[in-house]
Amino acid sequence: MRYDELEAAILRLVVAAGEDELRAFGLDTVTRLVRSDLLDTAADDELDEDAWAALATARENVRTASATELRAQLERIDAGVLADGDLDQGLLIVITALEHWTTYLEEDQRGELYELAIRSVEEVDFQVSADLDDFLATPEMTAEFARIERLLTTGLRSPSPAGT
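What you see is a predicted model, and the numbers here were worked out from it, not measured in a lab.

### Overview of unusual backbone geometry
Part 1: The residue D108 is not glycine, and still its phi comes out positive at about 55 degrees.
Part 2: With respect to the helices and strands, D108 occurs in the loop between α5 (89-107) and α6 (110-128).
Part 3: Judged by relative accessible area, D108 falls into the partly exposed class, the value being 47%.

Written out as structure tokens, the structure reads:
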């Protein structure tokens, strides 16, 4: 599957998913993308002390925090960016995932979950360097697409009630 086909497939899944599936997918994905190992290569001087504290709070509470609480943490993070230019790739993934999840909670826009899914695919690509012409060639990328598909289609595969 080419990268553009993968994007289209993910978009179709997001559009077709029910609200419960979207929420489960979003929670699972944002939790996966804010994990600590993505911050292993980030330099301490990319964020000020308050921004690091806000990032830690957001990561710890991402599954239970309200949009308002997460937005406040993201504002502290944004105010504390010290890096001149590009942020560390892992740090950028974590912050971007928090932003997409927070905006989804604020605006209930499916597009934010599509973007979250694409960030998740990009994170796997960053780890294994997938081939753009055969994006699912690696077991890691195949597993990631299967995870996305499973979470977004759980309700679509539910058996219909008897007699209908």
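### Here we look at the side chain of R147
Part 1: One can find R147 in helix α7 (residues 139-153).
Part 2: Only 3.3 Å separates the side chain of R147 from the side chain of S120, close enough to count as a polar contact.
Part 3: A polar side-chain atom of R147 sits 2.8 Å from a polar atom in the side chain of E144.
Part 4: The residues contacting R147, other than those within four sequence positions of it, are F25, D28, T29, R32 and S120.

### Quick look at the environment of I77
Part 1: If you trace the backbone, I77 turns up in helix α4 (residues 67-79).
Part 2: We classify I77 as buried; its relative accessible area is 1%.
Part 3: Taking the C-alpha atoms as reference, I77 lies 7.0 Å from W52; in sequence the two are 25 residues apart.
Part 4: Filtering out sequence-adjacent residues up to four positions away, I77 remains in contact with L47, A51, A54, L55 and I95.

The rules we used
- Residues numbered from 1 in each chain as written.
- Predicted model: local features only at pLDDT ≥ 70, side-chain atom pairs only at ≥ 80, totals over all residues.
- Heavy atoms only, no water.
- Helix = DSSP H or I, 4+ residues; strand = E, 2+ residues; numbered from the N terminus.
- Buried < 20%, exposed > 50% of the residue type's maximum accessible area, 1.4 Å probe, protein only.
- Polar contact = N/O pair within 3.5 Å; in protein donor to acceptor, adjacent residues only side chain to side chain.
- Contact = heavy atoms within 4.5 Å.

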